[in-house]
Amino acid sequence: MEFSIKSGSPEKQRTACVVVGIFDSRKLTLAADLLDRISNGYISDILRRGDLEGKLGSTLLLHNVPHTLCDRVLLVGLGREREFKDAEYHTAIRSAVKALMETGAPEAVFYLTEVPVRKREIAWRIEHATQVVYECLYRFDRFKSKQDDARRQLRKLTLSVSRRSELSIGEDALRRGQAIAEGMDLAKDLGNLPGNVCTPTYLAETAKEIAGRFSLELEVLEANDMEALGMGSLLSVAKGSIQPPKLIVLRYHGADKKVKPIVLVGKGITFDSGGISLKPGEGMDEMKYDMCGAATVLGTIQSAAQMKLPLNVYAVVPTCENMPAGNASKPGDIVTSMSGQTIEILNTDAEGRLILCDALTYVERFEPDTVVDVATLTGACIIALGHVATGLYANHDGLARELSSAGEDACDKAWHMPLWDEYQDQLKSNFADMANIGGRPAGSITAACFLSRYAKAYEWAHLDIAGTAWKSGKEKGATGRPVPLLSRFLIGRADQLEGKVPMRGRPKRVTEADGESAQHDED
Ligand code: BES
Ligand code: MN
Ligand code: ZN
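Residues numbered from 1 in each chain as written. Chains lettered and ligands numbered in written order. Predicted model: local features only at pLDDT ≥ 70, side-chain atom pairs only at ≥ 80, totals over all residues. Heavy atoms only, no water.

A word on the layout of surface pockets
At step 1: What the largest pocket holds in volume is close to 1,600 Å³.
At step 2: As for the largest pocket, its lining consists of 43 residues, and the residues nearest its centre are E135, K188, K471, A478 and T479.
At step 3: Of all the secondary structure elements, the ones that give two or more residues to the lining of the largest pocket are α3 (86-102), α4 (122-137), α5 (167-192), α12 (397-409), β20 (470-471) and β21 (477-478).
At step 4: The leading source of residues in the lining of the largest pocket is α3, at six residues.
At step 5: For the lining of the largest pocket, the residue count by class is 14 nonpolar, ten polar and 19 charged.
At step 6: Residues lining the lining of the largest pocket come from more than one domain, with at least three contributed by each of domain 1 (2-141 + 154-178) and domain 2 (193-471).
At step 7: Estimates place the volume of the second largest pocket at around 1,100 Å³.
At step 8: K279, D349, T378, G379 and A380 are, among the 39 residues lining the second largest pocket, the residues nearest its centre.
At step 9: The residue inventory of the lining of the second largest pocket, partitioned by class, reads 16 nonpolar, 13 polar and ten charged. (1 Å grid on protein atoms, 1.4 Å probe; cavity = no way out; pocket = protein on both sides within 12 Å on 5 of 7 lines; lining within 4 Å. Points joined across faces, edges and corners; volume = space filled by probe spheres on them. Helix = DSSP H or I, 4+ residues; strand = E, 2+ residues; numbered from the N terminus. Nonpolar A, V, L, I, M, F, W, Y, C, P; charged D, E, K, R; others polar. Domains from an automatic or database assignment.)

Shown next as structure tokens:
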């Protein structure tokens, strides 16, 4: 799909379709009103006859509107003007694209991007419209023998801004929207791929492709490297599988090497059978999605590199399968993590934390400014927050605030959950430093508590995306979340570094001179 930004009046567009909004009840937006005037009330006549009330998401396609230069006009219902906010804007764009795809129009000019949305500027509206269009166009049909070609006709979309002075802001926003949407598409593809294709080796190959395309540095650690580093916890999960585990490290340097990196760590279990603590059969296929954390961090680093953000961002992916086998870990086994802390594996299905803890210790060597891990970690998180919000935990409140506000701006919400010491008691083991499960109560929180024991050396946040990374049922498929949240977070960090917005009470992000980095202070 080709996109462009334009400013100009709707009646003068020589195009296959002009898309304008109508509020409930029958109130014309500015662009609709211009078309109505030039056509001597043609549109308001039709509305008066009751063909479109303006209900959110409704559409009406008109042909040959008098005195216009376009072939078609698509009217899109926006709902009540006073209630037109983020979600309504998304819905309006989505219904417009769906209606357009039903027509034969190869191109269209959207005036919906000019409609005011509460608290959202033109940049936000363009960025989000772009993402919604990608979302409507996304298909995962590479394993179908016949492809559906409905989307092929629509080839070019123009998004309108009301003033010429907004053109360059609009173009920047369009490029950001595309970078984020393409990161989401990558995350969705990886998530949707079956476990027999998307193995740890496949993830490493994908990382290599991204590295080649965007000039990133890539390092892939193999099982013997992990052994040498003492990653007994990660290896204990991998050992029941025939697929070799990998630890993927992708590095994007958009800033001076002295600027401390933001490290994103993603859980990459390419299939989670539960291991010896085997999961029930029903719905087990969905455990191919247990690498969506990995897919997210790969999608996000790609979007950061495509946006050329002036930051250093690393993506670290511990990846393996969790399978039952004669040599698989058993309940009661005790392993030693890279940090030296010992873990009693009471349930082999709580494997995500076992691979993440070694990755969290490993990233200390980068002296990170911030570490955010992303994981489809617990079914309990779905019980707590459903499929609406990602679970957000942090050992630093400022970081939690940054992430949750990034989530709101991105319409990819996360909810700050408690990480209080009182919950840590549930991880007590009689035989090792800790158990890998904390019982049924507060299962998402105790999983985060487990991780927090490995993330003491830096500012850290954890995103539990068990409920948000994919959809089940008829619309089964990966969502690409939380690529928008993390991309927005990184854009915010880039703005802070460039002095566009104040640092959030954390002045020092650069290490001391000559690559000799300052030690991280213990709080
Ligand atoms: N990958 C699962 C979490 C999960 C389950 C995500 C269902 C999305 C849907 C994770 O490895 C797991 O199995 N967690 C267990 C932990 C339990 C054994 C403490 C869970 O949530 O049941
Ligand atoms: Mn599991
Ligand atoms: Zn899992």
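Some points on the coordination of the manganese ion (ligand 2)
At step 1: For the manganese ion (ligand 2), the full set of protein donor atoms is D272 (OD), D349 (O), D349 (OD) and E351 (OE), and the range of their distances to it is 2.0 to 2.2 Å.
At step 2: For the manganese ion (ligand 2), the six donor atoms are set out with angles of 70 to 169° between them, so the coordination reads as irregular.
At step 3: Considered as a linear motif, the donors of the manganese ion (ligand 2) on their single chain read D-x76-D-x1-E.
At step 4: The two metals, the manganese ion (ligand 2) and the zinc ion (ligand 3), are separated by 3.2 Å and share D272 as a common coordinating residue. Taken as a pair, D272 in strand β11 (residues 268-272) and E351 in the loop between β14 (342-345) and α10 (352-362) lie far apart in primary sequence, 79 residues in all. In this pair, the class of D272 matches that of E351, namely buried. (Donors = N, O, S within 2.8 Å, 3.2 Å for Na, K, Ca; no water. Tetrahedral: all angles 85-135°; square planar, octahedral: opposite > 155°, others 65-115°. Buried < 20%, exposed > 50% of the residue type's maximum accessible area, 1.4 Å probe, protein only.)

Some words on the domain arrangement of the chain
At step 1: One can read the domain layout of the chain as domain 1 (2-141 + 154-178) and domain 2 (193-471).
At step 2: Across the boundary between the two partners, domain 1 contributes eight residues, which contact seven residues of domain 2.
At step 3: Overall, the association of domain 1 and domain 2 removes approximately 520 Å² of surface from exposure, summing both partners, and the carbon and sulfur fraction of that is 60%.
At step 4: Taken as a group, R120, F140 and R176 account for 52% of the area that domain 1 buries against domain 2, more than any other trio of residues on that side.
At step 5: At the boundary of domain 1 with domain 2, the tally comes to one salt bridge.
At step 6: A salt bridge links R120 to D409; the shortest N-O distance between them is 3.1 Å.
At step 7: Here domain 1 and domain 2 share three residue pairs in polar contact (both at pLDDT 80 or more) between them. (Contact = heavy atoms within 4.5 Å. Buried area = accessible area lost by both parts, 1.4 Å probe. Salt bridge = Lys/Arg side-chain N within 4 Å of Asp/Glu carboxyl O. Polar contact = N/O pair within 3.5 Å; in protein donor to acceptor, adjacent residues only side chain to side chain.)

Section: the packing of aromatic side chains
At step 1: Evaluation of the coordinates by the stated rule reveals ten aromatic pairs.
At step 2: For the pair Y314 and F366, a centre-to-centre distance of 5.1 Å together with 90° between the ring planes defines the contact as edge-to-face. Pair noted here: Y314 is in strand β12 (residues 312-322) and F366 is in the loop between α10 and β15 (370-375), with a separation of 52 residues, a long-range link.
At step 3: Taking relative accessible area as the criterion, Y314 reaches 8% and is therefore assigned buried.
At step 4: Residue class for F366 comes out buried when judged on its relative accessible area of 12%.
At step 5: Centre to centre, the rings of W420 and Y423 are 6.4 Å apart; their planes meet at 15°, and the pair counts as stacked. (Phe/Tyr/Trp six-rings, centres within 6.5 Å; stacked < 30°, edge-to-face > 60°.)

What to know about the pattern of salt bridges
At step 1: Taken as a whole and assessed by the stated rule, the structure comprises 29 salt bridges.
At step 2: For the salt bridge of K500 with E498, the shortest nitrogen-to-oxygen distance reads 3.4 Å.
At step 3: Look at E498 and you get partly exposed, because its relative accessible area is 48%.
At step 4: Here the residues in one salt-bridge network are E217, E219, R251 and K257, joined through shared partners.

Thoughts on helix α13 (residues 443-452)
At step 1: Among the ten residues of α13, ten are classified as buried, and the element is accordingly described as predominantly covered.
At step 2: For α13, the set of buried residues is G443, S444, I445, T446, A447, A448, C449, F450, L451 and S452.

A look at the sheet that holds strand β18 (residues 434-435)
At step 1: One open sheet accounts for three strands, arranged β13-β14-β18; its pairing is mixed. With partners counted over all chains shown, the strands left at the sheet margins are β13 (333-336) and β18, one partner each.
At step 2: In this sheet, β14 lies alongside β13 in antiparallel orientation, the contact comprising four bridges. Across the sheet, the residue bridging to D333 is I345, located in β14. (Pairing = 2+ DSSP bridges.)

With respect to the nonpolar core
At step 1: The biggest cluster of nonpolar side chains holds 61 residues, and the ones touching the most others in it are L216, L250 and L403.
At step 2: Here this core takes eight residues from helix α9 (residues 292-306), the largest share from any one element.
At step 3: Sequence-distant contacts of L403, that is, excluding residues within four places in its chain, are made with V372, L392, A461, L485, L486 and F489.
At step 4: Residues V237, V249, Y314 and A455 belong to the second largest nonpolar core, which totals 48 residues. (Core = buried A, V, L, I, M, F, W, Y, C linked by side-chain atoms within 4.5 Å.)

Remarks on the site of ligand 1
At step 1: Around ligand 1, the structure places 17 residues, and the nearest of them are K279, D290, D349, E351 and G379.
At step 2: For ligand 1, an oxygen atom lies 2.7 Å from a polar atom in the backbone of G379.
At step 3: In isolation ligand 1 has 520 Å² of accessible area, and contact with the protein removes 78% of it.
At step 4: More than half of the atoms of ligand 1 fall within 2 Å of the grid points belonging to the second largest pocket.
At step 5: For the shell around ligand 1, the residue count by class is six nonpolar, four polar and seven charged. (Near = heavy atom within 4 Å. Areas by Shrake-Rupley, 256 points an atom, 1.4 Å probe, with all protein chains shown as cover. Sits in = over half its atoms within 2 Å of the grid points.)

Here we look at the coordination of the zinc ion (ligand 3)
At step 1: In this structure, K267 (NZ), D272 (OD), D290 (OD) and E351 (OE) serve as the protein donors to the zinc ion (ligand 3), at separations of 2.0 to 2.4 Å.
At step 2: Between the six donor atoms coordinating the zinc ion (ligand 3), the angles at the centre fall across 78 to 176°, so the site counts as octahedral.
At step 3: Read in sequence order, the donor residues coordinating the zinc ion (ligand 3) give the pattern K-x4-D-x17-D-x60-E.
At step 4: D272 sits in the buried class, given a relative accessible area of 3%.
At step 5: Residue D290 is classed as buried on the basis of its relative accessible area of 1%.

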